[in-house]
Amino acid sequence: QVQLVESGGGLVQPGGSLRLSCAASGITLDYYAIGWFRQAPGKEREGVSCIALSDGSTVYADSVKGRFTISRDSAKNTVYLQMNSLKPEDTAVYYCAAGPPCAYYSNYIDFPDWGQGTQVTVSS
């Protein structure tokens, strides 16, 4: 079965950086991409970024373009989210999920397999 484990969250000051990791196991050809999503209290879960497992192509939400970078290390079965220039509005629980091609990443319901999430808090 697919298993995803997020790590790397924490408390940072505005303008600071964090790198999140998503360690994956059990990925088969039924899975096309790994997406990063986030959910703040009282808010809808939203897509942040996505990377294709086949060729490493990426997509980003407008709110994080130029600040966040998604990458993968296939040998380690791990996907990363480097988050720079963090803002208080980035505060959320961040999840990784495996699922369909990145064209669908904005709709979290289309991603069937999820990690447990890691808390990111950006505050002075």
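To be clear, the structure that these remarks concern was listed above.
Residues numbered from 1 in each chain as written. Predicted model: local features only at pLDDT ≥ 70, side-chain atom pairs only at ≥ 80, totals over all residues. Heavy atoms only, no water.

A.B. asks: Can you tell me about the overall build of the protein, naming the residues and giving the values?
C.D. replies: A tally of helices and strands in the protein yields zero helices and eleven strands. Listing each helix as α and each strand as β along the protein from the N terminus yields β-β-β-β-β-β-β-β-β-β-β. Taken along its principal axes, the extent of the C-alpha atoms in the protein is 45 × 30 × 25 Å. Burial analysis of the protein (124 residues in total) assigns 41% to the buried set. At a minimum sequence separation of 6, the contacts of the protein that also span at least 24 residues come to 57%. A total accessible area of about 6,500 Å² is found for the protein, and carbon and sulfur atoms account for 48% of it. Of the side-chain charges in the protein, 9 are positive and 11 negative, and the distance between the mean point of each set is 7 Å. (Helix = DSSP H or I, 4+ residues; strand = E, 2+ residues; numbered from the N terminus. Buried < 20%, exposed > 50% of the residue type's maximum accessible area, 1.4 Å probe, protein only. Contact = heavy atoms within 4.5 Å. Areas by Shrake-Rupley, 256 points an atom, 1.4 Å probe, with all protein chains shown as cover. Lys, Arg positive; Asp, Glu negative; His and termini not counted. Charge placed at Lys NZ, Arg CZ, Asp CG, Glu CD.)

A.B. asks: Lay out the pattern of salt bridges in plain terms, naming residues and giving numbers.
C.D. replies: Following the criterion strictly, the structure yields four salt bridges and no others. Linking Arg-38 and Glu-46 is a salt bridge whose minimum nitrogen-to-oxygen distance equals 2.8 Å. With relative accessibility at 36%, the residue Glu-46 sits in the partly exposed group. We note a salt bridge from Asp-90 to Arg-38, for which the minimum N-O separation is 2.9 Å. Placement of the pair is Asp-90 in the loop between β8 (78–83) and β9 (92–99) and Arg-38 in strand β4 (residues 33–39), with a sequence separation of 52 residues. Each member of the pair Asp-90 and Arg-38 is classed as buried. Bridged by salt links that share partners, the residues Arg-38, Glu-46, Arg-67 and Asp-90 form one connected network. (Salt bridge = Lys/Arg side-chain N within 4 Å of Asp/Glu carboxyl O.)

A.B. asks: Can you explain the sheet that holds strand β1 (residues 3–7)? Please cite residues and give values.
C.D. replies: Adjacent strands of a sheet pair through backbone hydrogen bonds, lying either parallel or antiparallel. Read from one edge to the other, the open sheet built from four strands follows the order β1-β3-β8-β7, with strand pairing classed as antiparallel. Lying at the two open borders of the sheet, with one neighbouring strand each, are β1 and β7 (68–73). Each strand axis lies, on average, 15° off the axis of its neighbour in the sheet, ignoring direction. Pairing analysis gives five bridges linking β1 to strand β3 (residues 18–25), with the strands arranged antiparallel. (Pairing = 2+ DSSP bridges. Axes fitted to C-alpha atoms, helices over the stretch in contact; angles between N-to-C directions.)

A.B. asks: Explain the layout of surface pockets to me, and be specific about the residues and the numbers.
C.D. replies: Estimated volume of the largest pocket: approximately 200 Å³. Together, Cys-22, Ala-24, Ile-27, Ile-34, Leu-53, Arg-72, Asp-73, Ser-74, Asn-77, Thr-78 and Val-79 line the largest pocket. Contributions of two or more residues to the lining of the largest pocket are made by β3, β7 and β8. Taken together, the residues of the lining of the largest pocket break down into six nonpolar, three polar and two charged. (1 Å grid on protein atoms, 1.4 Å probe; cavity = no way out; pocket = protein on both sides within 12 Å on 5 of 7 lines; lining within 4 Å. Points joined across faces, edges and corners; volume = space filled by probe spheres on them. Nonpolar A, V, L, I, M, F, W, Y, C, P; charged D, E, K, R; others polar.)

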